[in-house]
Amino acid sequence: MKDRLKIKEAKEDEATYPMKNDTDNTNGDVGVQIGQSYTKPKEKNILVRRLYILSWIGSYDREKAVSDLIAGITLGMTIIPQSIAYAALAGLSSEYGLYSAFIGSMIYVFFGTIPQVSIGPTSLMALLVLQYCSDKPVEFVIVLAFLAGLFELLMGVFQLGFIVNFIPSPVTKAFTSGTALIVALVQMKTLFGVKVKGVPTPAEFWNNIKVPDAIVGLICLIVLLLLRQLSSVTFKKKNDTTRRLKKLLWYISISRNALVVFTLSFIAYMWIKKSSFEAIPFSLSSKVSSGVPHFKLPPFSFESGNRTYGFFEICSELGSGLFVVPIVAVLANVAIAKAFVKDSQLDASQEMLTLGLCNLAGSFFSAMPTCGAFTRSAVSQASGVRTPMAGIYTGIIVFSALSILTPYFQYIPKSTLSAVLIAAVIFMVDFSPVKSLWKNSKKDFFSWTGCLLVCLIAGVEVGLLYGIVLNMIFVLLRLGNPEVEVKLKQCDTVTYVHVKPMSDVYFSGVDSIRTEMRSACILYRYDFPIVLDCSRFMLFDATFIEMLSAVAKELNEQKQMFILQGLSEKYKPLLPAENSNIYYAMNPLTIDDFIIPEKKANGNGVLLA
């Protein structure tokens, strides 16, 4: 079936685009002509591009459906315990994490472009929710999800996907590592049962460790790390039995979160059934409201604790979170999509739009802000996902958990959820770039190091802002000081100074070019003509014109020729016609380029120093 589809696609491509060996049967002309302008292929209908399911549902078959079913079920077993844990990290009860997982999985099916991406609660979003909504009513979280979704949707509608290209890879990596470290450090208190407000000192931490919680948490963490290694087990003999065994070990490995949470919850349930809640030695999760989420408007105004909150007051309380949360979510989502996109180009604007719809729809079902999760997306990839349809099956599993299992979520030990979070994020901490960045690019090294340290000290949003601003400064410095190559060259019998910018030059860099030419003239005592390569002049404007006119005037006073090489024809009329010391040449230079037109006409020859 795959081969037939490939052959069909290849034939369609041949019919649409001329190949290099195509010829016209009537006159023998080659189909693709040298110098012919490129015509961009016609874009798909806007409805197909935005409601992305229409682009692949027509070719959906049984094979894809089976693959998506397996991937969806596997992802459902992963996302349920993670959603509960991320809700706890955000300071919310478990159902809010599950509401987010249910809605995000469903919406992405219709609008998402990358099959592997799993939209739902993440450690990153939970951390930001904790930062901006800590000690506030849960309504703040829901309104934050709505406003973040609206911001993301507008970014997608206005085609702002190109913005993510300005965030360099070292900053993204440092941001991810910093977030993972913060999550792991925050969860250490719960893992060991420490109940101290704020950041405890080492002595306070040690003195407040609750032994039963610590034992449960550490055992769960060790078991999770061991089960993670099962997926990498190999057998010397390769036969049907070992292949089936390897598949079984792989399924156990990716289901480790669900297995550990279910096992500990079952132990707690049986313990309580035989005695009482008070008899159990370790801390359990809070009671979860039963039932599926209800569709209702986000609480733009509400009463809490004898106080009425209006919409503008909510926005004021959320502060910078209104911008930081959507920007960070978009950054994370597009980075994950880039990691998994293979044969097609990533439509970052469509991913923004989809993420916005997920959060907007989620806010109507009391969900917390969401984005893509790298660990779950990796599970989808390993499970053989083929299309975003896998999200339907994941959503059904989460919906079933909400409608059936919610009474049992209160039996989950808190330290178990902390172990799940730590085991999930600890492998996202990556210090491997340090050595290569120091060796290859000091600029990127300081971007990575600074971003990581600022994330840990001042918070993830300040760290991200630091990384972006620092790299913008590097870009501005490069634009203001372009690299210039100055060489003494010879064309036939004429020696000349060749000034060549090695990068694109904008108006901010013209003074640097002028300084280099002036230095070259002084060095060579105005003995040789100056040839300036203009092929990398970008956005030619008044600043360029003033610089070139000034240099031409200076050289004219020294009776030196000034040649502009490779200047675009459309820019030549912009230069003042009365300037008699500006001459033009193409590439390569010839001896005729050094002859003044009047002398050339009179046969008087070459202009030398």
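Parameters and conventions
Residues numbered from 1 in each chain as written. Predicted model: local features only at pLDDT ≥ 70, side-chain atom pairs only at ≥ 80, totals over all residues. Heavy atoms only, no water. Core = buried A, V, L, I, M, F, W, Y, C linked by side-chain atoms within 4.5 Å. Buried < 20%, exposed > 50% of the residue type's maximum accessible area, 1.4 Å probe, protein only. Helix = DSSP H or I, 4+ residues; strand = E, 2+ residues; numbered from the N terminus. Contact = heavy atoms within 4.5 Å. Phe/Tyr/Trp six-rings, centres within 6.5 Å; stacked < 30°, edge-to-face > 60°. Lys NZ or Arg CZ within 6 Å of the ring centre and 35° of its normal. Pairing = 2+ DSSP bridges. Right-handed = clockwise from strand over helix to strand, strands pointing away.

Core analysis: the largest hydrophobic core is formed by 121 residues, its most contacted members being Met-125, Leu-128, Cys-133, Phe-175, Val-328 and Val-398. No other element matches helix 13 (residues 321–340), which puts 12 residues into this core. If near-sequence neighbours (up to four positions away) are discounted, Cys-133 is found in contact with Phe-140, Val-141, Leu-144 and Leu-318. One finds Ile-545, Leu-548, Ala-552 and Leu-567 within the second-largest nonpolar core, a separate group that totals 27 residues.

This part takes up the packing of aromatic side chains. For the structure shown, the criterion picks out 28 aromatic pairs. Ring centres of Phe-140 and Tyr-309 lie 5.2 Å apart, and the angle between their planes is 85°; this geometry places the pair in the edge-to-face category. In this pair, Phe-140 is assigned in helix 6 (residues 138–157) and Tyr-309 in strand 3 (residues 307–309), connecting sequence segments 169 residues apart. Overall, Tyr-309 belongs to the buried group, its relative accessible area being 9%. For the pair Tyr-524 and Phe-528, a centre-to-centre distance of 6.0 Å together with 70° between the ring planes defines the contact as edge-to-face. By way of ring pairs, the aromatic residues Phe-146, Phe-295, Phe-300, Phe-311, Phe-312, Phe-364 and Phe-365 are connected into one cluster. The lysine or arginine in question, Arg-228, covers the ring of Phe-427, its NZ or CZ lying 3.6 Å from the ring centre. Of note, Lys-442 hangs over the ring of Trp-438, and the distance from its end group to the ring centre comes to 4.7 Å.

Our focus in this paragraph is unusual backbone geometry. Between Asn-587 and the following residue, Pro-588, the backbone shows a cis peptide bond with an omega angle of 0°. Among the structural elements, Pro-588 can be located in the loop between strand 9 (582–585) and helix 23 (597–602). Of note in the backbone geometry, Arg-525 takes a positive phi value of approximately 55° without being a glycine. When its relative accessible area of 63% is taken as the criterion, Arg-525 is described as exposed. In this structure, Leu-539 is a non-glycine residue whose phi angle is positive, near 50°. Structurally, Leu-539 can be placed in the loop between strand 7 (530–533) and helix 22 (542–557). We classify Leu-539 as exposed; its relative accessible area is 65%.

Summarising burial for strand 6 (residues 494–501): six of the eight residues are buried, a large majority. Pairing of strand 5 (residues 484–491) with strand 6 involves eight bridges; the strand directions are antiparallel. For Glu-485, the partnering residue across the bridge sits in strand 6 and is Lys-500. Where strand 5 folds back on strand 6, the antiparallel hairpin that results is connected by two residues, among which Asp-492 adopts a positive phi of roughly 60°. Read as a crossover between parallel neighbours, the route from strand 6 over helix 21 (residues 510–523) to strand 7 is right-handed.

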